[in-house]
Amino acid sequence: MITHHAALIYTMVLVSASDRQMTDAELKVMGTSVKSLPVFRGFDSAGLTRIAEDCAALLDQEEGLARALDLIRAALPVKLRETAYALACDVAVADGHVEQEELRMLELVRHRLDVDRLTAAAIERGAKARAVAA
């Protein structure tokens, strides 16, 4: 079992690692989210790297993706599932483009967390709007 903080971080890592390239922009979004969002209040941001590494190690194992998604779902209360999806979307758009692998991972996360399609579309649009450079 993992904490809800770890589950949120795992969700971001899944999307970032889905295309086999964790970009500096994606890592920056993860770090900024952990340091500034109310959902991470009380979390020691120094643990971010260890949790991300734990997730990456899990993904390298047989059935690692399925196990990671199961851990995320089990650790997140229903009220944080849309938050997890929003964080995943923020990571996906962080580097200015979304790869097919990232889109597929977002779909897997959305389904596993039972985020309905209309809500997901709104979250995705918000992430895209926040990521636009002037």
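Structural data are supplied above this passage.
Scoring rules and cut-offs
Residues numbered from 1 in each chain as written. Predicted model: local features only at pLDDT ≥ 70, side-chain atom pairs only at ≥ 80, totals over all residues. Heavy atoms only, no water. Helix = DSSP H or I, 4+ residues; strand = E, 2+ residues; numbered from the N terminus. Rg over C-alpha atoms; globule rule 2.2 N^0.38 Å. Buried < 20%, exposed > 50% of the residue type's maximum accessible area, 1.4 Å probe, protein only. Contact = heavy atoms within 4.5 Å. Lys, Arg positive; Asp, Glu negative; His and termini not counted. Charge placed at Lys NZ, Arg CZ, Asp CG, Glu CD. 1 Å grid on protein atoms, 1.4 Å probe; cavity = no way out; pocket = protein on both sides within 12 Å on 5 of 7 lines; lining within 4 Å. Points joined across faces, edges and corners; volume = space filled by probe spheres on them. Nonpolar A, V, L, I, M, F, W, Y, C, P; charged D, E, K, R; others polar. Salt bridge = Lys/Arg side-chain N within 4 Å of Asp/Glu carboxyl O.

Draft legend 1. Region of interest: the overall build of the chain. Regarding its fold elements, the chain presents seven helices and zero strands. Beginning at the N terminus, the succession of helices and strands in the chain can be written as α-α-α-α-α-α-α. For a compact globule of 134 residues, the expected C-alpha radius of gyration is about 14 Å, and the chain comes in at 13 Å, within 12% of that figure. For the chain, the spread of C-alpha atoms along the three principal axes comes to 40 × 30 × 30 Å. Looking at the chain residue by residue over its 134 residues, the buried ones come to 43%. Pairs at least 24 apart in sequence give 75% of the contacts found in the chain among residues at least 6 apart. Side chains of the chain give 16 positive and 20 negative charges; the mean places of these two sets differ by 7 Å.

Draft legend 2. Seen up close, the layout of surface pockets. The volume enclosed by the largest pocket comes to roughly 220 Å³. Taken together, Leu14, Ala17, Ser18, Arg20, Gln21, Met22, Ala56, Leu59, Asp60, Leu65 and Met105 form the lining of the largest pocket. Those elements that place two or more of their residues in the lining of the largest pocket are α1 (4–17) and α3 (48–59). Its residues placed into classes, the lining of the largest pocket shows seven nonpolar, two polar and two charged. Considering only enclosed or pocket space, the second largest pocket measures out at about 180 Å³ in volume. Together, 14 residues line the second largest pocket, and Tyr85, Cys89, Leu103, Leu106 and Glu124 are the ones closest to its centre. Considering each element in turn, the lining of the second largest pocket owes the most residues, five residues, to helix α7 (residues 117–131). The class makeup of the residues in the lining of the second largest pocket is eight nonpolar, no polar and six charged.

Draft legend 3. Quick peek at the pattern of salt bridges. Within this structure, the stated rule accounts for six salt bridges. Ionic pairing is found between Arg73 and Asp114, a salt bridge with its closest N-O pair at 2.8 Å. On the criterion of sequence distance, the pair formed by Arg73 in helix α4 (residues 64–75) and Asp114 in the loop between α6 (100–112) and α7 is long-range, its members being 41 residues apart. A relative accessible area of 24% means that Arg73 is categorised as partly exposed. The shortest N-O distance in the salt bridge between Glu124 and Arg117 comes to 3.3 Å.

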